[in-house]
Amino acid sequence: MFNNLPPISRNIIIINIVVYIVSNFFLYALNRPELYYNLSAYYPFSPFFKSWQIITSMFMHSPISGGPGIMHIFFNMFVLYNFAFIENILGGKRFLILYFLSGIGAYALFNLWEFIQVEMFARQLEDLGFNISDYFSGANMQLKGSVESVENQKNLIKNIVKIISTPLMGASGAIFGVVAAFATIFPNAKLGILFIPFPIKAKYLLIFSVVVSLYLGYNGLDSGTAHFAHVGGALVGWILAKIWRKHLYRFN
């Protein structure tokens, strides 16, 4: 199965699987969660953020007993396996650029949305007489106001802390870029999708996926999934494919 894959796609899948096995071994067998903390990506203004996480987080996936579990990496690698042939069309160098720039774009757009959320929560706290900057600087601040106001402040602080301390992990942003590139280069290709009894043109599948991701991300539904990361990856993949589409054979 792996011998039929283009080399870069094959190596990306192998690295993801190896990292998953090693990180879960450290997490469960050795009770050492450091790999998950250090290699997953955090909000850029979080004290947990490290610059390398923007890249390493693309190879991290939900632990076996957390969130979607092993289905997280299985689904991502399954999609990459099915679209890996586009590496032969773009050429290895362009595919590598596509994959990692899509992953970086996914991180950027997701955290832009997180930044907007943090700023909104911080302004609401200021309206209630609480400065979130003082809170994180270690100042001993007491919540003041009515019972309702104090409860609102607690919820807003909780929301900000959640954004700062929740890691982003997974290859889905990069893979959305690969799928978007395919749909841009072959917009009328018909794809068979699980549980859908008829083929769908690639361009319609891409539009549907992006619209659904925007809706779910904006409304905070399915909050365990970084929907805006999917949109960011797809946007980068679409832009790169639009640039390359007219000159594909120059890159082979």
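Cut-off values and rules
- Residues numbered from 1 in each chain as written.
- Predicted model: local features only at pLDDT ≥ 70, side-chain atom pairs only at ≥ 80, totals over all residues.
- Heavy atoms only, no water.
- Phe/Tyr/Trp six-rings, centres within 6.5 Å; stacked < 30°, edge-to-face > 60°.
- Buried < 20%, exposed > 50% of the residue type's maximum accessible area, 1.4 Å probe, protein only.
- Axes fitted to C-alpha atoms, helices over the stretch in contact; angles between N-to-C directions.
- Helix = DSSP H or I, 4+ residues; strand = E, 2+ residues; numbered from the N terminus.
- Parallel < 35°, antiparallel > 145°, perpendicular 65-115°, else oblique.
- Left-handed = near helix turned anticlockwise from the far one by under 90°.
- Contact = heavy atoms within 4.5 Å.
- Expected span 1.5 Å × (residues − 1).
- Polar contact = N/O pair within 3.5 Å; in protein donor to acceptor, adjacent residues only side chain to side chain.

(A) Region of the structure containing the packing of aromatic side chains. The final tally for this structure, using the stated rule, is 14 aromatic pairs. A ring pair is formed by Tyr 99 and Phe 100, whose centres lie 5.5 Å apart and whose planes are at 80°; its orientation type is edge-to-face. Accessibility expressed as a relative area gives 0% for Tyr 99, which makes it buried. Residue classification places Phe 100 among the partly exposed positions, given a relative accessible area of 22%. With a centroid separation of 5.5 Å and 45° between ring planes, the pair formed by Phe 182 and Phe 186 is classed as tilted. Given the relative accessible area of 5%, Phe 182 is considered buried. Phe 186 gets classed as partly exposed once you look at its relative accessible area, which sits at 31%. Of the aromatic side chains, those joined through ring pairs into one cluster are Phe 59, Phe 95, Tyr 99 and Phe 100.

(B) Geometry of the packing of helix H6 (residues 92–127) against helix H11 (residues 227–244). Across the interface, H6 lies against H11 with an axial gap of 7 Å and an inter-helix angle of 140°. By the criterion of interaxial angle, the relationship of H6 to H11 is oblique. The two elements H6 and H11 cross, and the hand of that crossing is right-handed. Two secondary-structure elements touch here, H6 through Arg 94, Ile 97, Leu 98, Leu 101, Ser 102, Gly 105, Ala 106, Leu 109, Phe 110 and Trp 113 and H11 through Phe 228, Ala 229, Val 231, Gly 232, Gly 233, Val 236, Gly 237, Leu 240 and Trp 244.

(C) Main features of helix H9 (residues 172–185). Taking 1.5 Å per residue as the helical rise, H9 with its 14 residues ought to reach 20 Å, and the 20 Å between its terminal C-alpha atoms agrees with that figure. Where burial is concerned, most of H9 is hidden: 13 out of the 14 residues are buried.

(D) Local environment of the side chain of Ser 102. Within the secondary structure, Ser 102 sits in helix H6. Reaching out from Ser 102, the side chain makes a polar contact with the backbone oxygen of Leu 98 at a distance of 2.7 Å. Residue contacts for Ser 102: discarding those within four places in its chain leaves Ile 97, Gly 173, Ala 174, Gly 177, Gly 233, Val 236 and Gly 237.

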